[in-house]
Amino acid sequence: MATNISRLTSLLLGTSLAATMASANGGELEKVMKARGLTENDVIHAAKTYTPSGGRDEFMIFSSGGQSGQIMVYGVPSMKILKYIGVFTPEPWQGYGYDEESKKVLREGNIRGREINWGDTHHPAISETNGVYDGKWLAINDKANPRIAILDLNDFETKQIVVNPVFKSDHGGAFFTPNSEYILEASQYAAPFDNNYHPIEEYKETYRGGITFWKFNDKIGRINQKKSFVLELPPYMQDLSDAGKGASNGWGFTNSFNSEMYTGGIEVGMPPFEAGCSRNDTDFLHVYNWKKLATLTKNKKNYKVINGIKVIPMSVAVANNALFLIPEPKSPHGVDVSPDGEYIVVCGKLDTHASVYKWSKIQKLIKDHKYAGKDPYGIPILSMKDSLHGQVELGLGPLHNQYGKHWKDGEIYTSLYVDSQIVKWDYKHLKVLDKVNVHYNVGHLCGMEGKSADPQGKYIISLNKLAIDRFDPVGPLHPQNHQLIDISGKKMDLLYDMAIPLGEPHQAVAIRMSKLHPEVRYKMGTNSRTGKISKGKTLAGQERVVRKGHNVTVYATLVRSHINPERVTVNKGDIVTFYLTNLERAEDETHGFTVDNYDVHASLEPGKTASVKFKADLEGVFPYYCTEFCSALHLEMMGYLMVKDPNKKYVSAQKLKMKTMSKAELKAEYDKTVAVNTATDAVIQSVVKFLKANHYEKYPTVKALVVDALDQYGKIPAQKKLSDKAVKAGDLEKAVLFENMIWQYMVKTADVGIRAKNLLVKKVATKQSAAAAAGERAFGEGGCGGCHVIGKVSSGPDLTGVLQRHENAEKWVRNFILNPKSKYHDPYVEGMINYFNLRMPNQHMTKEEVNNIVEYFKWVDENANLF
Ligand code: K7E
Ligand code: CUA
């Protein structure tokens, strides 16, 4: 491995591959490249994206999951998928839609009483402070059922869904204003704001577009629906939006694609929508002052209330100089405000140009009341020519834009749908700089914080619509393709194809990993969906079953490796609620819970309380169990729900006569179990002694493990008491069971304790040289550990002190590893072979690997006291 890295480094430094190959011993890399048909460029791309085991990424990507109604999370540059988060769609792993707490969130998304269990997610957005991503909250829209969802980036869970009460679809959301005051959501397909029927012939009079300004409370991360409002707009089919920032802070921008107000009608012999909607040469960019509009909602005369939300009529907005239109090339798609808010770049699908509008020019026209005309609804139109900074011909089908690190010099990237390219250009000096082919038909592109006030550069991800021949075939429905592009050099460099198997991810947002600080556990008893302590919070010792009429409530706890209680009997027809609290504090100790056949599931991360509820309408015996492989005794983490019919008489089955143990046998088993426990405890004590002697408390990660281990250990005295009590009562059978329980706790303690010890050894040992570290890896990967355990005699001798055992030992060891056979008749080796009944095999290590292993042995000897 180490040798490969040094070779790769020289590759990256530009040494020709052939020369490097010749000088490198073994030629392993060359062999692999040959076998897999990789070019030198492929290997460089691999080195730029490959993230070794345990390695971390620089950016985190939140991608819309499209029709899956979810959000997908992955890392850049590794492109490793980290999570799918249920948003508008049930997600069973996280219990989303299968436990009561999350169902409440999902059901907030009901529309006019109807349950909706899917969403068409398009545009995720991260909350902002001064226009910069702050890593606290994430919002995303559902185009099909106009809704916005809020996720908490503390635990990556969906916390709120709000339904737009007047829109019938939404596309231009979600977009945060620069201090997360509002989330903008523009409608798409115009429709009547009320819920009544209106004939299509009255389209111009009764169908409307609009923008909803969702008031956001960034302290608690929730939309306040009462303080939110809608701006009524003409039925122009509003498309994407962006909030102004910096110079244009307080304003918003929204595209549209049907200023013709065409209404289709293939079935009555009219040309289709696509023809009618693209007749005019220009459509309208909507420009509006949201700060002004917000103050208008303070006075009742400025708005109407429709379906419970305040709606500001266009006429009111116009009268208050808060709404303007500017022509833009026909059928535009993306509108993207520059990091300083001074430029607004619009790309039209049907126009080969990007149009760069300048805010100072727009502002001047507004200030001077210089209008080129008015639209049929009386909205002032500003001159396109006088608002433009300029236009650049980019290619066919420009859609979306992202800014680069050098945005001040004009660096911007645009996707070209029809040309299947990403183009790098200069929006200030209006020239094209570079193009790269993508595969195929790119929609959005995602820069690293590329639409914030502080773009980070480095990478662009191309979110392609078609994958065609890029991946192994999986039937007519192909995966989507996200392509990672390195933009750090002068030329863009396509690095990696990532298959997306979830839905069509329209847009993704990237944030620097260091801005995120997610939790590893909840405060004990937390209802994660509200952030408050659950009324079902149950601590150890408080487990109980409460019956009130037909309602049976089970207060249960889960901890490695049992669910308490383990038997619950109810009557057929009872309404059963299980409140489940995971008592663990240890990181990543999640338990799951389901009752077979009852379609419920909860994911219980450490500290969480969630509940499942169902009508026990099936008679029978239903196992319930933990659904996460949480521990060695995970399979035993189960119980029974027994549902009996109160109107039935059950005849008891004949008892089987089983042979039971004699008193003497029981006593022997008891003694044996106690002896095993005493021996196990001695091992634990030696580990504890080591941990204490080496000041484990100074290292937080080690300390967390020790706390968890002691937590398990602390449960032993209570069990011991029960065991002793059983002995006193003469019930050895029960005493053996309690002693077994003690052993289980000891195993868990030892399991975590030994992990802590290994970690601590690494922390307190002298620092490993690079060669010694490489040697340890070679030792592991070369299979040496199969026979040799450092510090212990295993199926081969202990290697601590091996460099003291022979004359000229380093050379001796080296030769032995490279050619073991040559020493089989050395008296010492012969003795070992006889003792272990094994011969040291030839592992075909390289000289460099063997040198490193010797360095590793030196490090072992320096730290021999630790093993
Ligand atoms: Cu697909 Cu932003 Cu909905 Cu463009 S949108 S591609
Ligand atoms: Cu808890 Cu499996």
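Residues numbered from 1 in each chain as written. Chains lettered and ligands numbered in written order. Predicted model: local features only at pLDDT ≥ 70, side-chain atom pairs only at ≥ 80, totals over all residues. Heavy atoms only, no water.

Draft legend 1. Examining the pairing of strand S13 (residues 251-256) more closely. Counting buried positions along S13 gives 6 out of 6 residues, so the element sits mostly inside the fold. Burial along S13 is two-sided: Trp251, Phe253 and Asn255 facing one way and Gly252, Thr254 and Ser256 facing the other are all buried. In the sheet, strand S12 (residues 238-243) pairs with S13 via 4 bridges, with the strands oriented antiparallel. Looking across to S13, one finds that Asp242 is bridged to Phe253. In this structure, S13 lies alongside strand S14 (residues 282-289), joined through 4 bridges in antiparallel fashion. By the bridge assignment, Trp251 is partnered in S14 with Asn289. (Buried < 20%, exposed > 50% of the residue type's maximum accessible area, 1.4 Å probe, protein only. Helix = DSSP H or I, 4+ residues; strand = E, 2+ residues; numbered from the N terminus. Pairing = 2+ DSSP bridges.)

Draft legend 2. The sheet that holds strand S29 (residues 459-464), seen in detail. Spatially, the 4 strands line up as an open sheet ordered S28-S29-S30-S31, and their pairing is antiparallel. Here the strands that pair on one side only, and so sit at the sheet edges, are strand S28 (442-447) and strand S31 (493-500). Here the strands of the sheet are splayed against their neighbours by 20° on average, with no regard to which way each runs. Both strand S30 (residues 480-486) and S31 contribute to a ladder of 7 bridges, which runs antiparallel. Bridge pairing in S31 places Leu484 opposite Tyr496. Along the sheet face, helix H4 (residues 40-49) touches S29, S30 and S31 and points at about 65° away from the line of S31. (Axes fitted to C-alpha atoms, helices over the stretch in contact; angles between N-to-C directions. Contact = heavy atoms within 4.5 Å.)

Draft legend 3. Spotlight on empty space enclosed by the protein. Counting across every chain of the model gives 3 cavities of 30 Å³ or more. Its boundaries defined by the atoms lining it, the largest cavity holds a volume of some 230 Å³. Around the largest cavity sit 22 residues that line it, and Glu128, Tyr133, Phe175, Lys451 and Val509 are the ones nearest its centre. For the lining of the largest cavity, the secondary structure elements donating two or more residues are strand S4 (125-129), strand S8 (170-176), S12, S28 and strand S32 (508-512). (1 Å grid on protein atoms, 1.4 Å probe; cavity = no way out; pocket = protein on both sides within 12 Å on 5 of 7 lines; lining within 4 Å. Points joined across faces, edges and corners; volume = space filled by probe spheres on them.)

Draft legend 4. Spotlight on the sheet that holds strand S26 (residues 421-426). The antiparallel open sheet is built from 4 strands, whose spatial order is S24-S25-S26-S27. Looking at strand neighbours, the two that pair on one side only are strand S24 (398-403) and strand S27 (431-437), the edges of this open sheet. For this sheet, the mean inter-axis angle between neighbouring strands, taken without regard to orientation, is 25°. Sheet topology places S24 next to strand S25 (residues 411-416); 4 bridges connect them, and they run antiparallel. Bridging from a neighbouring strand, Asn401 pairs with Thr414 of S25.

Draft legend 5. Structural detail: the UniProt feature "domain: Cytochrome oxidase subunit II copper A binding" (unreviewed entry) in the protein. Following the UniProt record, the feature "domain: Cytochrome oxidase subunit II copper A binding" (unreviewed entry) maps to residues 542-656 here. Note that residues 542-656 is 0% helix and 50% strand, and that its end C-alpha atoms are spaced 35 Å apart. (UniProt positions renumbered as here; feature names shortened; annotations may be inferred.)

Draft legend 6. Spotlight on helix H5 (residues 100-107). Turning to H5, its buried residues are Glu101, Ser102, Val105 and Leu106. Here the buried residues of H5 occupy an arc of 135° about the axis, which is enough to place them on one side. As for H5, its buried residues are in contact with strand S7 (157-163), strand S33 (526-527), strand S39 (575-582) and strand S42 (609-615). (Arc of directions from axis to C-beta.)

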